[in-house]
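# Residue-level structure breakdown
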Amino acid sequence: MSQPSLPSTLGLSRRNFMTGTVSAAAAPLLVSSAKAEAPAAAGPELREPVVTSMRINKQAYELSLDTRTSLLDALRDHVGLTGTKKGCDHGQCGACTVLVDGKRVLSCLSFAVMNAGKDVTTVEGLASSDGKLHPMQQAFIDHDAFQCGYCTPGQILSAIGCINEGHAKSEDDIRDYMSGNICRCAAYPNIVAAVLQARDQMKGA
Ligand code: FES
Ligand code: FES
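What counts and how
Residues numbered from 1 in each chain as written. Chains lettered and ligands numbered in written order. Predicted model: local features only at pLDDT ≥ 70, side-chain atom pairs only at ≥ 80, totals over all residues. Heavy atoms only, no water. Axes fitted to C-alpha atoms, helices over the stretch in contact; angles between N-to-C directions. Helix = DSSP H or I, 4+ residues; strand = E, 2+ residues; numbered from the N terminus. Parallel < 35°, antiparallel > 145°, perpendicular 65-115°, else oblique. Left-handed = near helix turned anticlockwise from the far one by under 90°. Contact = heavy atoms within 4.5 Å. Nonpolar A, V, L, I, M, F, W, Y, C, P; charged D, E, K, R; others polar. Salt bridge = Lys/Arg side-chain N within 4 Å of Asp/Glu carboxyl O. Buried < 20%, exposed > 50% of the residue type's maximum accessible area, 1.4 Å probe, protein only. Core = buried A, V, L, I, M, F, W, Y, C linked by side-chain atoms within 4.5 Å. Pairing = 2+ DSSP bridges.

### Section: the packing of helix 3 (residues 135-142) against helix 4 (residues 152-164)
Packing of helix 3 against helix 4 leaves a shortest axis separation of 10 Å and a crossing angle of 120°. In terms of their interaxial angle, helix 3 and helix 4 are classed as oblique. The handedness of the crossing between helix 3 and helix 4 is right-handed. Touching Met 136, Gln 137 and Phe 140 of helix 3 are Thr 152, Gln 155, Ile 156, Ala 159, Ile 160 and Ile 163, all from helix 4. A breakdown of the residues in the contact of helix 3 with helix 4 according to their chemical character gives six nonpolar, three polar and no charged.

This is the structure we're talking about:
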């Protein structure tokens, strides 16, 4: 499959990236030889975008990103996948939970460049190509496990990770291992019921 075209705001091409890398590598030499004249000359080169390749929902992406860009912001602002939510940007709410190589990750606390070469799954990648919902998505609907829906993508990804980790053996287990995902609408009892239903439908439960 051909690569998705990248938004024009993504900036530099691979060629420009290489040029930027060379500039950054050369900068310390320039600074040491011309220290007296231009002591602050190295600054901008250190902020050159870095090309980061990763697979998102089974599609290959090559993103040109400031190294300070979080995986969350890369997904939302650079790839256009806004299903992953920003509730706190501090690792406290779980709304930004995605799966990276099958494991739960708070995307607000992970730099995008740290995920080079990895497989990222967001809520947009869960339904099958014919539109059939993932068992966890269907279970959330069946059990009315959301209200405003803002925490829901993170809850669903976290619940899938929770089951895959083998941490959904009992209701208490689920409450414990889902406690990193906050729901201000207090859908917790229904979320537990949904996870129990999906657990029994998912392989490896
Ligand atoms: S937005 Fe990442 S934990 Fe809240
Ligand atoms: S459904 Fe509203 S915060 Fe969870």
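Let us keep going from here.
### Points about the pattern of salt bridges
Considering all chains together, one arrives at eight salt bridges under this definition. Two residues, Asp 66 and Arg 68, come together in a salt bridge whose shortest N-O distance is 2.5 Å. Arg 175 is the salt-bridge partner of Asp 172, the closest N and O atoms lying 3.3 Å from each other. One end of the pair, Asp 172, and the other, Arg 175, are both in helix 5 (residues 171-177), three residues apart, so they sit about a helical turn from each other. Taking relative accessible area as the criterion, Arg 175 reaches 44% and is therefore assigned partly exposed. Linked by salt bridges that have partners in common, Asp 73, Lys 86 and Asp 89 make up one network.

### Topic: the nonpolar core
The biggest cluster of nonpolar side chains holds 26 residues, and the ones touching the most others in it are Met 136, Phe 140, Ile 160, Ile 174, Ile 191 and Val 195. Sorting the residues of this core by element identifies helix 3, helix 4 and helix 6 (188-201) as the ones contributing at least two each. Not counting residues within four places of it along the chain, the set of residues in contact with Ile 160 comprises Leu 99, Leu 126, His 134, Met 136 and Met 202. The next biggest cluster of nonpolar side chains, apart from the first, holds 14 residues, and it includes Met 54, Leu 71, Leu 81 and Val 98.

### Notes on unusual backbone geometry
In this model, Lys 58 sits at a positive phi of 75°, which is unusual for a non-glycine residue. With respect to the helices and strands, the residue Lys 58 is situated in the loop between strand 1 (50-56) and strand 2 (59-65). Residues other than glycine seldom take positive phi values, yet Asp 144 does so here, at roughly 55°. Turning to its location among the elements, Asp 144 is positioned in the loop between helix 3 and helix 4.

### Topic: the sheet that holds strand 5 (residues 119-121)
Spatially, 2-1-5-3-4 is the arrangement adopted by the five strands of the open sheet, whose pairing is mixed. Edge positions in the sheet fall to strand 2 and strand 4 (103-106), since each of these pairs with one other strand and no more. In this sheet, adjacent strand axes meet at a mean angle of 40° when their direction is disregarded. Looking at chain direction, strand 3 (residues 97-100) and strand 4 are connected through four bridges and run antiparallel.

### Quick word on the packing of helix 4 against helix 6
Put simply, helix 4 and helix 6 touch, their axes get as near as 10 Å, and they point 50° apart. Considering the angle they form, helix 4 stands oblique to helix 6. Crossing geometry of helix 4 relative to helix 6 is assigned as right-handed. Residues Gln 155, Ala 159 and Ile 163 of helix 4 form the contact with helix 6, whose own contacting residues are Ile 191, Val 195, Ala 198 and Arg 199. Considering only residue class, the contact of helix 4 with helix 6 consists of five nonpolar, one polar and one charged.

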